[in-house]
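# Observations on the model geometry
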Number of protein chains: 2
Amino acid sequence: MALSSVVPSVSRLPKLAEQATERPNEVDTKSRILDAAEELFMEHGFEATSLRLITTAASVNLAAANYHFGSKEELFQAVLTRRLDPMNQDRMALLTAYETASGGTALTCEKIISAMFIPALKLARNHDQGGKNFLRLLGRAYADPAPFIREFLSNQYAAMIARFRAAFGRALPHLEREEVSWRLHFVMGALSYTLAGTDALKMIAQFHPEEINNDELLLKRLAPFLAAGLRAPVQATDSHQWFQET
Amino acid sequence: MALSSVVPSVSRLPKLAEQATERPNEVDTKSRILDAAEELFMEHGFEATSLRLITTAASVNLAAANYHFGSKEELFQAVLTRRLDPMNQDRMALLTAYETASGGTALTCEKIISAMFIPALKLARNHDQGGKNFLRLLGRAYADPAPFIREFLSNQYAAMIARFRAAFGRALPHLEREEVSWRLHFVMGALSYTLAGTDALKMIAQFHPEEINNDELLLKRLAPFLAAGLRAPVQATDSHQWFQET
DNA sequence: GCTAATTTCAAACAATCGTTTGATTGACTT
DNA sequence: AAGTCAATCAAACGATTGTTTGAAATTAGC
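Below you will find a few notes about this structure. Source: prediction; values computed, not measured.

## Some remarks on the side chain of Arg150(B)
Mapping Arg150(B) onto the fold places it in helix α7 (residues 147-171). A polar side-chain atom of Arg150(B) sits 3.2 Å from the main-chain carbonyl oxygen of Tyr142(B).

Printed below as a string of C-alpha cells:
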C-alpha cells in the first residue's frame, strides 16, 4: 500500500544470463509467489491462507509478498487477474468472431455458450500453468463474502456479462430483457458451482476413474443442460403451478 | 472439546418463570449466540468472523461460546444443523407425500423440483427466525473450502440427495444413472449459487424495487429453467458440436 | 436454608496474523 | 572503483485469534 513501487525493476531477477540448462523451474520471485498463492488460496480460501504459508511454499522470504504486491488483498487480486483477464478477453473475442462469421443472422444459444466455455476449457487444459487450480479458485472467489473480492470480480466481469447478455437477447428474442438476465445468471451459477466444488471431481472419479481430460467431459454434460434451460418457455407471472402443495 | 457437557442442563436459562411481557426478545444464551453467529457467518464467512464479534453481538460473555458449543467449528455446525436438518426432513417428507398421492405413476420433474424448493421457500419466509439469512449462509458454506464444512454438509445432504436422485431417475427413464447424477448436481449448483450470491438480490432490486417477497419471485424464474435443463436430450458422447471453434 | 451443580464473568493464555523496519546483498551505470 | 538502486533477508512490530482458567454468581434439589 505504502510501497514505493508495486512493479519493481528487473535488476536482480534470475541472476540474469544464467545457463538455461541449470534449473528449468527457476522463475522469478514474483511468479513463484503467484503460483504458490494460487494453489493455497484455492485449497484453504483467502482468510485461512497466511502469507507465511504462501512464502514458505514458494521458498521466498516472508517480506517478499508485501514488497512485490503491497498487501495480501492485492496479492489475491493479482492471482485472479493474471488468468481471469485474458480468459474474459478470449471469451469476447470468440463471440465477436462467431458474430462476424454468421453475417447478420442471430447466433444460436449453443454458439454463445461455446464462446463462454471454450476459453475456460482452454485455460483448464494449461496443465503446465496450473489452470485447473485457477478455475476452482475462481469458483470459490465468486462465493466469497469479502467485499473487496466481490467488487473486484464485479468489475472484472462487467464488460463480458454485458456483452453476452446482449448476444443471448438476440438469440432469444421472445424473452424479455429481465428474463434473459436471470437465465444468464443461472448459467453463470451452475458453471461456477461446478468448477468450484469437489463433488464434480468425485463424480468423474466415480464413473470414469481412467479419464484424464476431466473438464471436457464435465462441460459436455453441462452445456446441453444449460442450453435447454435457456430455451425454456416463459413462466406466466401469476401462475402458481410450482408452488401448490398438491 | 474437553468440555464436561456440550449439552448443559437447563438450570439457568431464561430466569425461569419470568413475566412473558417483560422482554419479548429475551431468550437463552445459547440461542442468542446461534442467532448472532448465523448472521455474522453469513456476512463475513467462517474464518473472518471472530468469536469476540459473535459474543459481543449476542451480548454474552466471550467464554460462553466455548462453554456451550465447545469450539468455533462446532458452533458453526450447530448453526447449520439447527435449520438444515428440519429443511431436508421436510423435503423428503414432501417427496414421499407426492409419490403416495400419485399412486404408481412416476412424478414429473416439476413435482420433484417443487419438493426440493418448497421447504427452502418456507424457511426463507420465516422472517421472525431470520431464515433468509440462513439460506445465504448455506449457499456460502457449500463453496467453503474448509474440510470440516465439506464433510459435514456431505453427511447432512447424503440421504436427501440419494432420495431425490432416485425420484429423478424414475421421472427421466431415458437417462442413464450417470446423467441423472450430473443434472441433479447442476440443479443444486444453480440453486445454491443463486441463494448465496448478492447478485440475485441486486437484480430483484433493479427490476422490482417494490417487491417484498423476493424468494418466490426468484424461484419462479429458476424452476422453469431447471426443469427444461433436466429434460434436455442427451448429448452423444463422441459429438464435438459444442467445442469446434467455428 | 443449605449444598451441589450449572452458568457467567474478567482476565489471561500461547499462538498466529499482516505488516514494517533496517541492514545486507548483488548487478548495474558512470 | 565508487555509487545507485532494486531485491532479499532476519527480526520484530502491535494487534487479534481461539481457547482456558478460576473465581463469582445464580439456580436446582433436598
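## Let's talk about the nonpolar core
Counting 152 residues, the largest nonpolar core has Leu75(A), Leu153(A), Tyr157(A), Leu75(B), Leu153(B) and Tyr157(B) as its most contacted members. Every residue in contact with Leu153(A), bar those within four places of it in the chain, is listed here: Leu80(A), Leu84(A), Leu138(A), Ala141(A) and Tyr142(A).

## A short note on a negative patch on the surface
On the surface, Glu47(A), Glu73(A), Glu47(B) and Glu73(B) cluster together into a negatively charged patch. Mapping Glu47(B) onto the fold places it in the loop between α1 (29-44) and α2 (51-58).

## Things to note about the packing of α2(B) against helix α3 (residues 62-69) of chain B
Residues and elements named next belong to chain B. Two elements in contact, α2 and α3, have axes separated by 8 Å at closest approach and are oriented at 100°. When the axes of α2 and α3 are compared, the pair comes out roughly perpendicular. Each of Leu51, Arg52 and Thr55 in α2 lies in contact with α3, whose residues at this interface are Leu62, Ala65 and Asn66. Its residues assigned to classes, the contact of α2 with α3 shows three nonpolar, two polar and one charged.

## Here's the deal with the pattern of salt bridges
All chains considered together, the criterion is met by 18 salt bridges over all chains. Two residues, Arg82(B) and Asp35(B), come together in a salt bridge whose shortest N-O distance is 3.1 Å. Of the two residues, Arg82(B) sits in helix α4 (residues 72-101) while Asp35(B) sits in helix α1, which places them 47 residues apart along the sequence. Of the charged contacts in the structure, one is a salt bridge between Arg82(B) and Glu38(B), with a shortest N-O distance of 3.5 Å. Residue Arg82(B) is located in helix α4, and its partner Glu38(B) is located in helix α1; the two are separated by 44 residues in the primary sequence. The exposure class of Glu38(B) is buried, given its relative accessible area of 3%. Each of Asp35(A), Glu38(A), Arg82(A) and Arg83(A) takes part in a single network of salt bridges with overlapping partners.

Criteria and thresholds
- Residues numbered from 1 in each chain as written.
- Chains lettered and ligands numbered in written order.
- Predicted model: local features only at pLDDT ≥ 70, side-chain atom pairs only at ≥ 80, totals over all residues.
- Heavy atoms only, no water.
- Helix = DSSP H or I, 4+ residues; strand = E, 2+ residues; numbered from the N terminus.
- Polar contact = N/O pair within 3.5 Å; in protein donor to acceptor, adjacent residues only side chain to side chain.
- Core = buried A, V, L, I, M, F, W, Y, C linked by side-chain atoms within 4.5 Å.
- Buried < 20%, exposed > 50% of the residue type's maximum accessible area, 1.4 Å probe, protein only.
- Contact = heavy atoms within 4.5 Å.
- Patch = residues over 30% accessible without salt bridge, like charges linked within 9 Å, V, L, I, M, F, W, Y side chains within 5 Å.
- Areas by Shrake-Rupley, 256 points an atom, 1.4 Å probe, with all protein chains shown as cover.
- Salt bridge = Lys/Arg side-chain N within 4 Å of Asp/Glu carboxyl O.
- Lys, Arg positive; Asp, Glu negative; His and termini not counted.
- Charge placed at Lys NZ, Arg CZ, Asp CG, Glu CD.
- Axes fitted to C-alpha atoms, helices over the stretch in contact; angles between N-to-C directions.
- Parallel < 35°, antiparallel > 145°, perpendicular 65-115°, else oblique.
- Nonpolar A, V, L, I, M, F, W, Y, C, P; charged D, E, K, R; others polar.

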